[in-house]
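# Architecture at a glance
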Amino acid sequence: FSWEETFLFICLDLLKDPVTVPCGHSYCMNCIKSHWDKEDEKTIYSCPQCRQDFTPRPVLRKNTMLAVLVEVLKKTGLQAAPADHCYAGHEDVACDVCTGRKLKACKSCLQCLASYCEKHLQPHFEAAPLKKHKLVEPSKKLQENVCSRHNEEMKVFCRTDQQSICYLCLMDEHKDHDTVSAAAERSERQRELGVSRQNIQQRIQDREKDVKLLQQEVEAINGSADKTVGNSEKIFTELIRLMEKRRSDVKQQVRSQQQTEVSRVRELQEKLEQEITELKRKDAELEKLSHTEDHNQFLHDYPSLSPLSESTHSSSIKIRPLRYFEDVTAAVSEVRDKLQDVLREKWTNISQTVTEGDVLLSGPEPKTRAEFLKYSCDITLDPNTAQTRLLLSDENRKVTVMREDQSYSSHPGRFTDMCQVLSKESLMGRCYWEVELRGRVSVAVTYKNISRAGSSDECVFGRNDKSWMLYCNNNSYNFYNNKVSTPVSGPESSRVGVYLDHRAGILSFYSISKTMTLLHRVQTTFTQPLHAGLRFYIWGPGVSAELCKLK
């Protein structure tokens, strides 16, 4: 101990009314009295610090010299007590030996079932019998190691009841149970714990790798997005620049032609005005001559009149009433319409491709109709693919089978024999749409390069490797792909839902009524963008199909 601590008792405070016991150690009068009062029944009194025994109880007298020294220390402001953090708080394990204000325990003994501060732990390092005791980190649960029935230390583990017991329990309620020593059970559990830790550490490593992969994915997504935005801006800027140039070219050509045409007209106009002037002058001469009363003078002057110049024939003037550059406007309008068609058709691909950022983070397949509707897409039918007996209406969403051919223009994309039609929009990413059916109708998806001319299998939905088709006829269904037919069972419904996850290769058909029932699901690999398709079989009143508006 330091020289200041010689004045301290167990509570580590400055001595108050110090007294010295026969062994030479000093304490507060009240502290040592309280300590010995607890030992009265033993008739042997000991020093709390060196453990020396005294018989009989020593008479305590104030140590005047120490009392004076303590007063000096108080006046000079010196305090030898340790900081407050050495004392046991509410959450700490307190020393079981300390009296008064207790210090924090630094160890607990499993044999003594007690906790000790650093000072009171010293005997466990000095006394031979105590050196064999098992010291552990301070614990408030030492009493849990004692059997509540026999008040004995629980050194046995019952595997049958999965609890710790004492040796006396072995002869009572745990007789014939599967028991081992607590140490042996601990050893076994320790091995299991080691395996669990290895598994946890392996999972931590795996998750850290996953986190690293995800971070790399974030960087890749950000890099790709930045590059794509830059490239898109460049491409759109080029398109805008091209459009601006074409606009300027049209404007320049029209203005140049305007100037040429106006100059030609002005030139002809000037000739006509000159001719009019000459004719008026000639007419005035003739009028003057016609009023000459002298016959001889008239006959004399008449031959001397200048002959008329060659007339500008009116047949050389070709007027196009109300039509000059209107044909140019029509041509530009046609370009605009075609560009709009291209943008409308291709924009779905662009928009859906943008959302295809779910390589590592792909979400689960939708389960409810509300979740499917998040992927609903706006699909219309392409008149240039419709077989001639199919009539399109309602903004090209509805198709009806007619008895007579419709007046469609010739087009290489039109189905010539098979009563089929394709969507105008191509489908990528995740898409969902619904079709309202009347009569025998098949709902399909197909690659755009499916054959159109004739009635061979290469033209028919479901009879080749380019198309997938669900045949619907009242209360029966069949799925077709590459000539293979698969019977499908499900509730009868006039509405069919189709879900496509192009990247995942998932195609699902659903019966839609009050509930949504899966009819058939395909897992494959799609190598090209797809188009929705409809196929009809016989003419009949009201046989039709309509792509439903879901948004």
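Going by an unreviewed UniProt entry, the chain carries the name Tripartite motif containing 16 and comes from Labrus bergylta.

## Describing the pattern of salt bridges
Scanning all chains against the criterion turns up 25 salt bridges. A salt bridge links Glu185 to Arg159, with the nearest nitrogen and oxygen atoms 2.7 Å apart. One end of the pair, Glu185, is in helix H6 (residues 182-290); the other, Arg159, is in the loop between strand E8 (156-158) and strand E9 (163-165), and 26 residues separate them in sequence. For Glu185, a relative accessible area of 6% translates into the label buried. Looking at Arg159, the relative accessible area reads 31%, which means it is partly exposed. The closest approach of N and O atoms between Arg463 and Asp457, which form a salt bridge, is 3.6 Å. The exposure class of Arg463 is partly exposed, given its relative accessible area of 37%. Classification of Asp457 by relative accessible area gives partly exposed; the value is 26%. A single network of salt bridges, built from pairs that share partners, joins Arg369, Glu434, Glu436 and Arg495.

## Description of the side chain of Asp382
One can find Asp382 in the loop between helix H9 (369-373) and strand E11 (390-393). For Asp382, the side chain forms a polar contact with the main-chain nitrogen of Asn384, separated by 3.0 Å. In contact with Asp382, not counting residues within four places along its chain, are Leu392, Val421, Leu422, Ser423 and Lys424.

## Digging into the sheet that holds strand E17 (residues 476-481)
Taken in spatial order, the six strands make up an open sheet running E13-E22-E15-E16-E17-E18, and their pairing is antiparallel. Only two strands of the sheet have a single neighbouring strand rather than two, namely strand E13 (420-427) and strand E18 (484-488). Pairwise comparison of adjacent strand axes, ignoring direction, gives a mean angle of 20° for this sheet. Looking at chain direction, strand E16 (residues 467-473) and E17 are connected through six bridges and run antiparallel. Of the residues in E17, the one forming a bridge with Leu470 is Phe479.

Rules behind the numbers
- Residues numbered from 1 in each chain as written.
- Predicted model: local features only at pLDDT ≥ 70, side-chain atom pairs only at ≥ 80, totals over all residues.
- Heavy atoms only, no water.
- Salt bridge = Lys/Arg side-chain N within 4 Å of Asp/Glu carboxyl O.
- Helix = DSSP H or I, 4+ residues; strand = E, 2+ residues; numbered from the N terminus.
- Buried < 20%, exposed > 50% of the residue type's maximum accessible area, 1.4 Å probe, protein only.
- Polar contact = N/O pair within 3.5 Å; in protein donor to acceptor, adjacent residues only side chain to side chain.
- Contact = heavy atoms within 4.5 Å.
- Pairing = 2+ DSSP bridges.
- Axes fitted to C-alpha atoms, helices over the stretch in contact; angles between N-to-C directions.

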